[in-house]
Amino acid sequence: MATIEECRAALEKLSDNMQRAEGDARSAAALDRSVSCHITDLDVTFAGRMAGGRIHVHDTLQGPPREKAQIRLSMTGDDLVALVAGELHFAKAWGAGRVKLHAGMRDLLLLRKLL
């Protein structure tokens, strides 16, 4: 089982990857939205903001998200680490229910370019 530190490191790596995005993915990475990532097996939520092509984690909270972020992810820590490492394909994990993504329709259309 991934630790809180490994999950935070995976989010940092995802943020670094977003910073280097090009083409259509760059416009998706440039969104300015509140974000949360609930790690279900650890029952921890990373809350912050996606802005300037990066994810800025402001809080690590025990339990599910306290506020409804504009972009919300939910998955196990192992799945987060595997997704960022390229060992798990997002569409496959989402289709199998291993990853949950909630966002407005416009944001979902843009985010699919990143994922």
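Every value quoted in this text rests on a predicted model; they were computed, and no experiment measured them.

1. Examining the overall build of the protein chain
- In terms of regular secondary structure, the protein chain is built from 5 helices and 5 strands.
- Across the protein chain, helices and strands are ordered from the amino to the carboxyl terminus as α-α-β-β-β-β-α-α-β-α.
- Against the compact-globule benchmark of 13 Å for 115 residues, the protein chain has a radius of gyration of 13 Å, which places it among compact chains.
- Dimensions of the protein chain, computed from C-alpha atoms along their principal axes, come out at roughly 35 × 30 × 25 Å.
- Looking at the 115 residues of the protein chain, the share that counts as buried comes to 41%.
- At a minimum sequence separation of 6, the contacts of the protein chain that also span at least 24 residues come to 59%.
- In the structure as shown, the protein chain presents an accessible area of about 6,600 Å², 53% of it carried by carbon and sulfur atoms.
- In the protein chain, 16 positive and 15 negative side-chain charges are present, and the distance between their average locations comes to 7 Å.

2. A few points about the packing of helix α1 (residues 4-19) against helix α3 (residues 77-85)
- In the contact formed by α1 and α3, the axes pass within 9 Å of each other and the chain directions differ by 30 degrees. Of the possible angle classes, the one that applies to α1 and α3 is roughly parallel. With respect to the hand of their crossing, α1 and α3 are arranged in left-handed fashion. Contact with α1, carried on its side by Glu6, Cys7, Ala10, Leu11, Lys13, Leu14 and Asn17, involves Gly77, Leu80, Val81, Val84 and Ala85 of α3 and no other residues of that element.
- Looking at the contact of α1 with α3 residue by residue, the class counts come to 8 nonpolar, 2 polar and 2 charged.

3. Some details on the pattern of salt bridges
- The full count for this structure, using the stated rule, is 5 salt bridges.
- Two residues, aspartate 16 and arginine 54, come together in a salt bridge whose shortest N-O distance is 2.9 Å. Separated by 38 residues along the polypeptide, aspartate 16 in helix α1 and arginine 54 in strand β3 (residues 54-62) bring together distant segments of the chain.
- Judged by relative accessible area, which is 30%, aspartate 16 ranks as partly exposed.

4. Considerations on the sheet that holds strand β4 (residues 71-75)
- If you walk across this open sheet you meet the 5 strands as β3-β2-β1-β4-β5, and the pairing is mixed. Each having just a single partner strand, β3 and β5 (100-103) make up the two edges of the open sheet. Strand-to-strand twist across the sheet, computed as the mean angle between neighbouring axes with direction ignored, equals 20 degrees.
- Direction of pairing for strand β2 (residues 44-51) relative to β3: antiparallel, over a ladder of 8 bridges. Bridge pairing links alanine 51 to arginine 54 in β3.
- Lying over the sheet, α3 contacts β1 (33-39) and β4, oriented at roughly 110 degrees with respect to β4.
- Lying over the sheet, helix α5 (residues 105-114) contacts β1, β2, β4 and β5, oriented at roughly 130 degrees with respect to β5.

5. What about the nonpolar core?
- Ranked by size, the top nonpolar core spans 30 residues in total, and within it Met50, Ile71 and Leu80 carry the most contacts.
- Within the residue set of this core, elements represented by two or more residues are α1, α2 (24-29), β1, β2, β4, α3, α4 (90-95) and α5.
- With sequence-adjacent residues up to four places away left out, methionine 50 is seen in contact with Met18, Ala28, Ala29, Leu31, Asp32, Arg33, Val35, Ile55, Ile71 and Leu111.

What counts and what doesn't
Numbers given for residues are sequential positions, taken from 1 along each chain in its written order. Selection of residues for local features in this predicted model requires a pLDDT of at least 70, selection of side-chain atom pairs for listing and counting requires 80 or more, and totals for whole chains, interfaces and linings are taken over all residues. Just so you know, side-chain values use all the structure's heavy atoms and leave hydrogens and water out. Only DSSP runs of H or I covering at least 4 residues are called helices, and only runs of E covering at least 2 are called strands; the numbering of each starts at the N terminus. The quantity called the radius of gyration is restricted to C-alpha atoms. Its globule counterpart is 2.2 Å times the number of residues to the power 0.38. Buried, partly exposed and exposed residues are distinguished by accessible area as a fraction of the type maximum, computed with a 1.4 Å probe on protein chains only: under 20%, between the cut-offs, and over 50%, respectively. Here, two residues are considered to be in contact whenever any of their heavy atoms come within 4.5 Å of each other. Where accessible areas are quoted, they stem from the Shrake-Rupley method and a 1.4 Å probe; at the residue level, only the protein chains shown are allowed to cover. When charges are counted, Lys and Arg contribute as positive and Asp and Glu as negative, whereas His and the chain ends are disregarded. Think of each charge as sitting on NZ of Lys, CZ of Arg, CG of Asp or CD of Glu. In this description, a line fitted to the C-alpha atoms serves as the axis of each element, helices being fitted only across the stretch in contact, and the angle between N-to-C directions of two axes falls anywhere from 0 to 180 degrees. Every angle not falling under 35 degrees, over 145, or within 65 to 115 is termed oblique; those three ranges are roughly parallel, roughly antiparallel and roughly perpendicular. With the far helix as reference, a near helix turned anticlockwise by less than a right angle produces a left-handed crossing, and one turned clockwise produces a right-handed crossing. In this count, Pro and Cys sit with the nonpolar residues alongside Ala, Val, Leu, Ile, Met, Phe, Trp and Tyr, while Asp, Glu, Lys and Arg are called charged and the others, Gly among them, polar. Salt bridge, as used here: a side-chain nitrogen of Lys or Arg that lies within 4 Å of a carboxyl oxygen of Asp or Glu. A pair of strands is considered paired only if DSSP assigns at least 2 bridges between the two. We define a nonpolar core as any set of buried Ala, Val, Leu, Ile, Met, Phe, Trp, Tyr and Cys residues linked to one another through side-chain atoms lying within 4.5 Å.

None of the figures reported here should be taken as evidence of function without further support.
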